[in-house]
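A closer look at the structure
So the chains spell out like this:
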Amino acid sequence: MHLFEVFTATLLFAAFANCIAIPASHSVHEKRDSPPREWIKRGRVQPDSVLPIRIGLSQTNLEKGYSFLMEVSDPASPRFGKHWTEVEVDGMFKPDEESANSVIDWLVSSGISRNRIAESDNKSWLAFDATAGESEELLLTEFYEYENSGTGNIGVACEEYFLPTLLQRHVDYITPGIKLLPVSKQVTKRAFSKRPGAVLPMPPLVHILPPSSNAKQEPSMQSTAAPLVNCNQQITPECIKGLYKVPIGTKFNSTNRMGIFEAGDVYSQADLDMFFKDHYPAIPKKTAPKKQLINGAITPVVQSEAGLESDLDFQVAYPLLWPQQTVLYQLGDESSFNTFLDALDGSYCKYEAFGQKGDDPNFDPTYPNEAYAGRRMCGRFKPTNVISVSYGGSEWDLPAYYQQRQCNEFMKLGLMGISVFFASGDSGVAATNGCINGNVFNPVWPATCPYITAVGATKIRPGKKVTDEEAVAQEDENSIFGTFSSGGGFSNVYTVPDYQKKALKTYFSSHNPPYDSYSAFGTSYNPGDVAANGGLYNRLGRGIPDVSANGDNITMIYQGQKALAAGSSASAPMFAAIINRINEERLAAGKSTVGFINPVLYANPGILNDITKGKNSGCGTDGYAAVRGWDPASGLGTPNFPKMLKLWMNLP
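Being a predicted model, the structure only gives us computed values, none of them experimental.

**Looking at the overall build of the chain**
Within the chain one finds 15 helices and 33 strands. Looking at the 652 residues of the chain, the share that counts as buried comes to 59%. A fraction of 80% describes how many contacts in the chain between residues 6 or more apart in sequence connect residues 24 or more apart. Just so you have it, the chain exposes about 25200 Å², and 52% of that area is on carbon and sulfur atoms.

Next up, the structure:
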């Protein structure tokens, strides 16, 4: 650009900035009141700076996703169990051709020549480069630079922008827009590991049992000769089967392996072999999951480096499943749930919703990087019928748009007949990073997504047997595990889904929590903004957990030592394995998998063991108490395998 042109453009830019007239034909498309707390506003973007403009086109039928899922998941629906294929799911939600054509016509009429506009193969987005001056005139806005205080990234964004009102239904979002995307990166491995979107275990608590010479001082592994005698002290595979009346498995369908998600934390084969020998000799030595290694993952590891989460997940699941097998979805050290979903569904790599196309470089890894030199895996692996995940974080740490886009993918998995289970956490009404502003209850992510089943933890009370009612898992500082409490509460991102409304209405009318509440949702950028409204929890939010299973005094082998573990990390694979067993029976009878199970559970709570004892303390409070019916400490209750199997076998 010549000096005269730069000077002229700068004058026009300054004049435009001082007076932006919004025509009556336009409406604000996206707006935010303030940037996320980690971004600092700097100076105005120079008018001749070139910006890569990306326009995400609105997906069709996205608002119908919940209804579509209920058609195949509601036991009262004539289409129950008639799950969709992956091709059907992709075809239903992709943008239509009219959207692309309408937006292109608008761009051309606004001075962006057709030969500058690139169009994706699936017509889901449009792309072109434009100067800041062109972009501001097109979108009736002003662009500024922002600096991320944590990573040093520089991002470009505006506070609002406008589109022709008649065009808005065709456009999901535009970048650069209100969402901050970095244009330069200074991300080290250390900085990356702290990304809010990085997946972290909800680490189970562990207590290494003493050598046999100290057996009199503390409980040792109980004998298999009397397998149900000391279940209130040590939960063995036989105790779990006794609690939930699960018979010995006899079937193996090669299409029905149970999937278990792990990230960074890696199992030891030697630990599995020791556990099988001690607690379930029917499982042969060297039995191992089928490995699906995502983005540079390596597994297994030597015994001295075994991961607690991975060891526990497989040691809980295998005895319930056997002779059925497992699949391990192992992610590398620097990964996120989005990279996992990318690997299962190639379309998710470019999926657009809630103003986000593909993975978000603010929260997800970019490849290649220091940990993985290859390209991001898209659609590499097939999802199993059941997937268990004992990882998560806090709703407060991530923008709502990021969580909602991710949640939609779980909806799509449900449409395909896949059941997804997440642990509800071990910090009571708080998340692992504490409470919002010190005392406001902090729901966990992504367990609050209404398209998955959140699993809390229970325990056998001291002196009680497997035939007695369990209680919410909670221990104080004097226990062998230290303080922990099963996670539960109400979302600041998601409203109450229809299938849960009756249960929550009953809960609030009969057992109203003794805390002030608010009825609001956080902003698109910061769900924790609701903390400014007063009150400790969101009266309008989706409630978790949905169900529970035992998560206290779980026997295991960890790094070659006998140990006990605690936390909902054990509960999620436990409940998931029981559902996998039900799928085994349905498949043998020529039926479909159970898919998304929440509508069936809430319509038939009697198939679960109601929990009415215990609470989930946190944030300086007693949390929520377990009561009759659903509650945010134990959900609907724990499994009753015979009742569950009978119900699902009677469904189409």
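**Some words on helix α13 (residues 568–588)**
Quick reminder: α-helices carry 3.6 residues per turn. Residues three or four places apart thus point the same way. Given a rise of 1.5 Å per residue, 21 residues ought to cover 30 Å, and the 31 Å separating the end C-alpha atoms of α13 matches this to within 8%. Counting buried positions along α13 yields 18 of 21 residues, so the element is predominantly enclosed.

**Some remarks on the sheet that holds strand β5 (residues 125–131)**
Within the open sheet, the four strands sit side by side as β4-β5-β3-β9. Their pairing is antiparallel. Among the strands making up the open sheet, the edge pair consists of β4 (118–119) and β9 (171–175). Relative to β5, strand β3 (residues 50–57) is paired through seven bridges, and the arrangement is antiparallel. Bridge pairing links P52 to D129 in β5. Against the sheet, helix α5 (residues 132–139) contacts β3, β5 and β9, and its axis sits at roughly 125° relative to β5.

**What about the confidence of the model for the chain?**
Looking at the chain, pLDDT values average 88 and 88% of them are 70 or higher. Low pLDDT (under 50) marks residues 1–18, which in the prediction has 15 contacts with non-local residues, meaning those over four places away or in another chain. This model gives residues 182–194 a pLDDT under 50, and the stretch forms 27 contacts once residues within four places in sequence are excluded.

**Some details on the pattern of salt bridges**
In this structure the tally under the stated criterion is 16 salt bridges. For the salt bridge of R79 with E71, the shortest nitrogen-to-oxygen distance reads 4.0 Å. Classification of R79 by relative accessible area gives partly exposed; the value is 37%. For D342, the salt bridge is made with R376, and the minimal N-O distance between the two is 3.4 Å. Placement of the pair is D342 in helix α10 (residues 337–344) and R376 in the loop between β16 (356–357) and β17 (386–389), with a sequence separation of 34 residues. Residue classification places R376 among the partly exposed positions, given a relative accessible area of 32%.

**Comments concerning the packing of helix α2 (residues 65–73) against helix α11 (residues 400–415)**
For any two helices packed against each other, the geometry comes down to the angle between their axes and how far apart the axes lie. α11 packs onto α2 with a crossing angle of 30° between their chain directions and a minimal axis gap of 9 Å. What the angle tells us is that α2 and α11 run roughly parallel. Considering only the axes of α2 and α11, their crossing is left-handed. Contacts between α2 and α11 involve G65, F68, L69 and V72 on the former and, on the latter, M411, G414 and L415. Among the residues forming the contact of α2 with α11, the class breakdown is five nonpolar, two polar and no charged.

**Points about the packing of helix α8 (residues 269–279) against helix α9 (residues 308–321)**
Packing of α8 against α9 leaves a shortest axis separation of 10 Å and a crossing angle of 35°. For the pair α8 and α9, the sense of crossing is right-handed. Taken together, the residues of α9 that come into contact with α8 (itself represented by D271, L272, F275 and F276) are D311, F314, Q315, Y318 and P319.

**Structural notes on the nonpolar core**
Counting residues in hydrophobic clusters, the biggest one holds 135 residues, and the most contacted among them are F340, F410, L415, F575, I579, M644 and W648. Apart from residues no more than four positions distant in its own chain, W648 is found in contact with F80, I579, I582, R586, V594, I597, V600, L601 and I607. Among the nonpolar cores identified, the runner-up in size contains 28 residues, and V45, L107, L139 and L167 belong to it.

**A short note on the sheet that holds strand β31 (residues 561–566)**
The strands making up a sheet associate through hydrogen bonds between their backbones, and the pairing can be parallel or antiparallel. With antiparallel pairing, the three strands of this open sheet are ordered in space as β11-β31-β30. Each having just a single partner strand, β11 (205–208) and β30 (554–558) make up the two edges of the open sheet. Strand-to-strand twist of the sheet, defined as the mean angle between neighbouring strand axes without regard to direction, takes the value 40°. Two elements, β11 and β31, share four bridges in a ladder whose sense is antiparallel. Bridging from a neighbouring strand, H207 pairs with L564 of β31. Along the sheet, α9 contacts β11, β30 and β31; its crossing angle with β30, the most-contacted strand, is approximately 125°.

**Things to note about unusual backbone geometry**
Note the cis peptide between T299 and P300, where omega equals -5°. Structurally, the position occupied by P300 is in the loop between β13 (290–294) and α9. Here the bond from W322 into P323 is cis, since omega is 15°, no more than 30 degrees from zero. Relative to the assigned elements, P323 resides in the loop between α9 and β14 (326–331). Within the chain, K286 stands out as a residue other than glycine whose phi angle is a positive 75°. Counting through the fold element by element, K286 comes out in the loop between α8 and β13. Despite not being glycine, Q559 shows a phi value in the positive range, around 50°. Turning to its location among the elements, Q559 is positioned in the loop between β30 and β31.

**Let's talk about the packing of aromatic side chains**
Overall, the coordinates contain 28 aromatic pairs when judged by the stated rule. Aromatic pair F314 and Y318: ring centres 6.4 Å apart, planes at 35°, arrangement tilted. In this pair, F314 and Y318 both sit in helix α9, four residues apart, roughly one turn of the helix. A relative accessible area of 0% means that Y318 is categorised as buried. Here the aromatic residues F261, Y329, F337, F340, Y391, F410, F422 and W445 are joined through ring pairs into a cluster of three or more. Geometry around Y144 places K41 over its ring, the cationic atom sitting 4.1 Å from the centre. The positively charged end of R405 is found above the aromatic ring belonging to Y348, 4.2 Å away from the centroid.

Procedures and definitions
Residues numbered from 1 in each chain as written. Predicted model: local features only at pLDDT ≥ 70, side-chain atom pairs only at ≥ 80, totals over all residues. Heavy atoms only, no water. Helix = DSSP H or I, 4+ residues; strand = E, 2+ residues; numbered from the N terminus. Buried < 20%, exposed > 50% of the residue type's maximum accessible area, 1.4 Å probe, protein only. Contact = heavy atoms within 4.5 Å. Areas by Shrake-Rupley, 256 points an atom, 1.4 Å probe, with all protein chains shown as cover. Expected span 1.5 Å × (residues − 1). Pairing = 2+ DSSP bridges. Axes fitted to C-alpha atoms, helices over the stretch in contact; angles between N-to-C directions. pLDDT = per-residue confidence, 0-100. Salt bridge = Lys/Arg side-chain N within 4 Å of Asp/Glu carboxyl O. Parallel < 35°, antiparallel > 145°, perpendicular 65-115°, else oblique. Left-handed = near helix turned anticlockwise from the far one by under 90°. Nonpolar A, V, L, I, M, F, W, Y, C, P; charged D, E, K, R; others polar. Core = buried A, V, L, I, M, F, W, Y, C linked by side-chain atoms within 4.5 Å. Phe/Tyr/Trp six-rings, centres within 6.5 Å; stacked < 30°, edge-to-face > 60°. Lys NZ or Arg CZ within 6 Å of the ring centre and 35° of its normal.

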